[in-house]
Number of protein chains: 2
Amino acid sequence: MRLKPVARKSLSDAVFEQLSQEIVHGRMRPGTPLPSERALCDVLRVNRGAVREALKRLSQAGLIAIQHGGGTRVLDFKQTASLDLLNRLLFHHDGTVDLRVARSVMEMRAAMAPDIARLAALRRSPGQVLQLDEVVAAMAAQEHDLLALQVLALQFWDLLTVCSENIAYQLAFNGLRHSYEGMREALVEVMGEELRDLAAYRRIAEAVRRRDGEGAGQSAQALMQHGSRGILQLLAALETSTDQQEEGEEDEDDDDPRT
Amino acid sequence: MRLKPVARKSLSDAVFEQLSQEIVHGRMRPGTPLPSERALCDVLRVNRGAVREALKRLSQAGLIAIQHGGGTRVLDFKQTASLDLLNRLLFHHDGTVDLRVARSVMEMRAAMAPDIARLAALRRSPGQVLQLDEVVAAMAAQEHDLLALQVLALQFWDLLTVCSENIAYQLAFNGLRHSYEGMREALVEVMGEELRDLAAYRRIAEAVRRRDGEGAGQSAQALMQHGSRGILQLLAALETSTDQQEEGEEDEDDDDPRT
DNA sequence: TTGTTAAACTGGTATGACCAGTTGACCATC
DNA sequence: GATGGTCAACTGGTCATACCAGTTTAACAA
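From a predicted model like this one, the values you see are computed outputs, not experimental measurements.

Participant: What should I look at first to understand the overall build of chain A in this one?
Facilitator: Across its full length, chain A holds twelve helices and two strands. In chain A, the proportion of contacts linking residues at least 24 apart, taken out of those at least 6 apart, comes to 69%. Across chain A, the mean location of the 31 positive side-chain charges is 7 Å away from that of the 39 negative side-chain charges.

Shown next, in the form of structure tokens:
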């Protein structure tokens, strides 16, 4: 019996959700003025407090700009939002994963991971080496349970970012992890190869132990290539298969440049 | 006469500011229960709506967890917050820059920039090449105005991230830019050398024009080293100079508990 | 043209009430 | 002793109604 906590959403959460979807999926172009708070209350049938809480959050997320007395307008989230928004961008309305966004996540991951490993090797404490060993040992023990491996791999990288003593990496990792967990189930086959490459994880841990920054970075880079290759293939396959179904769905500003 | 828009803060902004500072700067440890909303109203002398708006934002930022009926408690922001928080972490209470955080930003920047340049070279459109040329030309024209160069450099990187067609990089760049602009004035001497290396920017733009991903990446990596070297020197100088003033300020938990 | 004024917006703050979920102490039951 | 029910006292969530404060517009005066 697999039970999980029931989802509970407050009104302001629902309002936030609804408005952010409208903005992110392009139904409200940047510059568009939002209805006034009182008008939103009428439309959404909620009290003004709920609307204001949602608007404040949208403002913090960089999706809208609120001006006392002067109305509220939609911003261009690509220029003002930050990494938090990835979770929302990762899924279409129908719940399927946006592979373009997924590719972005994988590319960023591939760029950061080697540097995280490098810094971790240079700055790790003795105790952290032991913790890494424990995680790698646990991975070896659960070699055939992909789901468990995925959790352990996340733990592995979490540890490395802590070792790196780089707060920017830690925070970025938190954000990426949320996105990552969202598409985890959808991409098990893509990540399977990477997760099973226990030797690579071991090489990283070993390099960290000997304070070999370059070695750790190279091993991490090699490990990342599994997932990167997988997502690229998936993307290529999907693009050729959907080109005939829906052509020109995205505003493709003349991208034939790859001749 | 240099005038700028006057800062205007709403009550909920002030409450958010105050509570987030308390949490981020460690006066409220993770797990600590927050006073109830009504109690906060009494202490802060504001109405409950203002408090609730602030709490909702803190929750979204990953600093607290709110539970209907069950109270509100402080989270460990290093595990739950995302990149937005960098702006707040970058400064101590007294307004001086936290160089450890600044170093983190520079390291992340150095890891991402080469990959951004690489992808930009592979995916840029013809029009974007022209835009890059314009920015580089503008930089050449303002070669002696460091402040103008800084703005143009940001514009240069903004363009590259757009060229890279990687939404994760774009969003991360937005967040980093905020942090970056915060310490801009404090770090002009650190960045001066990098900003004046016009030849490097030109090399990147050229590589992007010829779709030379590797070349663009290498040029970007070389460019980043200016700033990285600068911040490292600054940090080393400052650490040796303050070691006698305040020793052991950081909680160095020599973690070898698993012996 | 310029500056003033007033009305009609907008968002911001305040209050008091009530709804809804959680907690813990108490107590009956088994 | 463990289980489950009840109730009171919390907690956060929702609501309606004021009124304050800043912006925009247009009419109007100098």
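Participant: I tried to follow the protein's contact with DNA strand D on my own but got confused; where do I start?
Facilitator: Near DNA strand D, the surroundings consist of 21 residues, among which Leu11 and Asn47 of chain A together with Arg38, Arg48 and Arg52 of chain B are the closest. The contact atoms of DNA strand D, taken as those within 4 Å of the protein, divide so that sugar and phosphate hold 66%. One of the side-chain N or O atoms of Arg8 of chain B is found 3.0 Å from a phosphate oxygen in DNA strand D. One of the side-chain nitrogen or oxygen atoms of Arg48 of chain B is found 2.7 Å away from a base nitrogen of DNA strand D. Elements represented by at least two residues in the surface near DNA strand D include exactly helix 2 (37-44), helix 3 (48-60), strand 1 (64-67) and strand 2 (71-74) of chain B. Class assignment of the residues belonging to the surface near DNA strand D gives a composition of three nonpolar, eleven polar and seven charged.

Participant: Which parts of the structure should I look at to understand the side chain of Ser104 of chain B?
Facilitator: For Ser104 of chain B, the position within the fold is in helix 6 (residues 99-123). The residues touching Ser104 of chain B, leaving out its near neighbours within four places in the chain, are Glu165, Asn166, Ile167 and Ala168 of chain A.

Participant: Sorry if this is basic, but what is going on with the protein's contact with DNA strand C here?
Facilitator: Around DNA strand C, the structure places 21 residues, and the nearest of them are Arg48, Arg52 and Gly69 of chain A together with Leu11 and Asn47 of chain B. The sugar-phosphate backbone supplies 63% of the atoms of DNA strand C found within 4 Å of the protein. Contact between DNA strand C and Arg48 of chain A: a base nitrogen at 2.8 Å from a side-chain N or O atom of the residue. One of the side-chain N or O atoms of Thr72 of chain A is found 3.5 Å from a phosphate oxygen in DNA strand C. Going through the elements one at a time, helix 2 (37-44), helix 3 (48-60), strand 1 (64-67) and strand 2 (71-74) of chain A are the ones with two or more residues in the surface near DNA strand C. Broken down by class, the residue content of the surface near DNA strand C amounts to three nonpolar, eleven polar and seven charged.

Participant: Got a minute to help me understand the domain arrangement of chain A in this structure?
Facilitator: Many structure descriptions define interface size as the accessible area lost when the parts assemble. Residue and element names in this part refer to chain A. Domain annotation of chain A identifies domain 1 (11-81) and domain 2 (85-240). The straight-line distance from the C-alpha centre of domain 1 to that of domain 2 is 34 Å. Contact with domain 1, which involves ten residues of that partner, is made by six residues of domain 2. Summing both sides of the interface, domain 1 and domain 2 together bury roughly 620 Å²; the carbon and sulfur share of this comes to 67%. A per-residue breakdown of the area domain 1 buries against domain 2 is headed by Val24, His25 and Phe77, which together make up 53% of the total. The tally of links from domain 1 across to domain 2 stands at one salt bridge. When the shortest N-O distance is used, the salt bridge between Arg88 and Glu17 registers 3.0 Å. At five residues, the largest contribution of residues to the side of domain 1 that touches domain 2 is made by helix 1 (residues 11-24). Looking at the side of domain 1 that touches domain 2, its residues break down into five nonpolar, three polar and two charged.

Participant: Would you mind going over the interface of chain B and chain A with me for this structure?
Facilitator: Each partner contributes to the interface: chain B provides 51 residues, whereas chain A provides 54 residues. Both faces combined, the contact of chain B with chain A buries some 4,300 Å², and carbon together with sulfur accounts for 51% of it. The tally of links between chain B and chain A comes to six salt bridges. Here Asp13 of chain A and Lys56 of chain B are joined by a salt bridge, their closest N and O atoms 3.2 Å apart. One can count 30 residue pairs in polar contact (both at pLDDT 80 or more) joining chain B with chain A. Of all elements in the fold, only helix 1 (11-24), helix 3, helix 4 (77-80), helix 5 (86-89), helix 6 and helix 9 (167-184) of chain B reach the threshold of two or more residues within the side of chain B that touches chain A. In terms of residue count, helix 6 of chain B provides more of the side of chain B that touches chain A than any other element does, eleven residues in total.

About the criteria used
Think of each chain on its own: its residues are numbered from 1, step by step along the sequence as written. Key to labels: chains lettered from A, ligands numbered from 1, both in the order written. Under the rules for a predicted model, residues below a pLDDT of 70 receive no local features and side-chain atom pairs below 80 are neither given nor counted, while totals for whole chains, interfaces and linings still include all residues. Side-chain descriptors were evaluated using all non-hydrogen atoms of the structure, hydrogens and water having been removed beforehand. To qualify as a helix, a DSSP run of H or I must reach at least 4 residues; to qualify as a strand, a run of E must reach at least 2; elements of each kind are numbered from the N terminus. Throughout, a residue-residue contact means that at least one pair of heavy atoms, one from each residue, lies within 4.5 Å. By the counting rule applied here, Lys and Arg register as positive and Asp and Glu as negative, while His and the ends of each chain are not counted. By convention, charge coordinates are those of NZ in Lys, CZ in Arg, CG in Asp, or CD in Glu. Working definition: residue near molecule or strand if any one of its non-hydrogen atoms lies within 4 Å of it. By the criterion applied in these results, polar contacts are pairs of N or O atoms within 3.5 Å in which, for protein atoms, one can donate a hydrogen and the other can accept it, and in which residues neighboring in sequence qualify only through two side-chain atoms. For this classification, the nonpolar set comprises Ala, Val, Leu, Ile, Met, Phe, Trp, Tyr, Cys and Pro, the charged set comprises Asp, Glu, Lys and Arg, and every other residue, Gly included, is treated as polar. Delimitation of the domains relies on an automatic or database domain assignment. Summed over both partners, buried area is the accessible surface (1.4 Å probe) that two parts give up on being assembled. Each salt bridge in this description consists of a side-chain nitrogen of Lys or Arg and a carboxyl oxygen of Asp or Glu lying within 4 Å of one another.

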